[in-house]
Each structure stands twice: as structure tokens, then as C-alpha cells.
Amino acid sequence: MTHHLDEEERDVLNAARENVPDVQRAELGRAFRRVRGELLAGSPGDVRNVARLVAEAEEEGLLDDG
């Protein structure tokens, strides 16, 4: 997991810092914080929410059976 995060920081975030204007990065940051806040307000770790997400993933065939 840490490797994946390090890779994203090097590849994605550094490229964004170099190629995306400050104003646009600020807008993206505000949008990220707003959506993250909305998702966290929905109690994402609640057992019922996790069960719902698992059921949806099963219905869509996204979970490995074995």
C-alpha cells in the first residue's frame, strides 16, 4: 500500500504541480475536500454501509469467488 502511495505522489502529484496552474489545483483541492467531507459524513465504515457496498460489488461481479 505504501509503495502505491509513494508511486502516486511521485508520478501523479509531481506532474500536477509542474503542469496544472495554481488556480486550477486550488479548485481541484476544494472539490476534493468537499466530496471527501460528504463521503465521510455518510459513515463509510458503518457495518450497514460496508454490507451494502459488498452486496453491490457481488451483484456487479466484482468480487473473486475463491
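Structure's up top.
Remember, predicted model here, so these are calculated numbers, not experimental data. (Residues numbered from 1 in each chain as written. Predicted model: local features only at pLDDT ≥ 70, side-chain atom pairs only at ≥ 80, totals over all residues. Heavy atoms only, no water.)

Participant: Which residues make up unusual backbone geometry, and what are the values?
Facilitator: For serine 43, which is not glycine, the phi torsion reads 50 degrees and is therefore positive. Assignment of secondary structure puts serine 43 in the loop between helix H2 (22–41) and helix H3 (47–59). Under the relative-accessibility criterion, serine 43 is labelled partly exposed at 40%. (Helix = DSSP H or I, 4+ residues; strand = E, 2+ residues; numbered from the N terminus. Buried < 20%, exposed > 50% of the residue type's maximum accessible area, 1.4 Å probe, protein only.)

Participant: An account of a negative patch on the surface is requested, with residue identities and associated values reported.
Facilitator: There is a patch of like negative charges on the surface, built from Asp6, Glu7, Glu8, Glu9 and Asp11. Structurally, glutamate 7 is set in helix H1 (residues 2–19). Under the relative-accessibility criterion, glutamate 7 is labelled partly exposed at 33%. (Patch = residues over 30% accessible without salt bridge, like charges linked within 9 Å, V, L, I, M, F, W, Y side chains within 5 Å. Areas by Shrake-Rupley, 256 points an atom, 1.4 Å probe, with all protein chains shown as cover. Salt bridge = Lys/Arg side-chain N within 4 Å of Asp/Glu carboxyl O. Lys, Arg positive; Asp, Glu negative; His and termini not counted. Charge placed at Lys NZ, Arg CZ, Asp CG, Glu CD.)

Participant: Any details on H1? Residues and values, ideally.
Facilitator: Here H1 contains 18 residues, and its C-alpha end-to-end distance of 25 Å stays within 8% of the 26 Å for a straight helix at 1.5 Å per residue. Largest kink in H1: about 30 degrees, centred on glutamate 9. (Expected span 1.5 Å × (residues − 1). Bend = angle between axes of the 7 residues up to and from the residue.)

Participant: Describe the pattern of salt bridges, and please don't skip the residues or the numbers.
Facilitator: Should their charged atoms come close, side chains of opposite charge can pair. In total, this model carries four salt bridges according to the counting rule given. Linking arginine 34 and glutamate 38 is a salt bridge whose minimum nitrogen-to-oxygen distance equals 3.4 Å. Of this pair, arginine 34 and glutamate 38 are both found in helix H2, four residues apart, which corresponds to roughly one turn of the helix. Residue glutamate 56 is joined to arginine 52 by a salt bridge in which the shortest nitrogen-to-oxygen separation is 2.8 Å. A residue pair is termed a helical-turn pair when its members lie 3 or 4 positions apart in one helix, as glutamate 56 and arginine 52 do in helix H3 at four residues.

Participant: Could you give an account of the side chain of asparagine 49, with specific residues and numbers?
Facilitator: Mapped onto the secondary structure, asparagine 49 falls in helix H3. Asparagine 49 sits in the buried class, given a relative accessible area of 16%. In terms of polar contacts, asparagine 49 uses its side chain to reach the side chain of arginine 52, at 2.6 Å. Apart from the residues within four sequence positions on either side, asparagine 49 is in contact with Ser43 and Pro44. (Polar contact = N/O pair within 3.5 Å; in protein donor to acceptor, adjacent residues only side chain to side chain. Contact = heavy atoms within 4.5 Å.)

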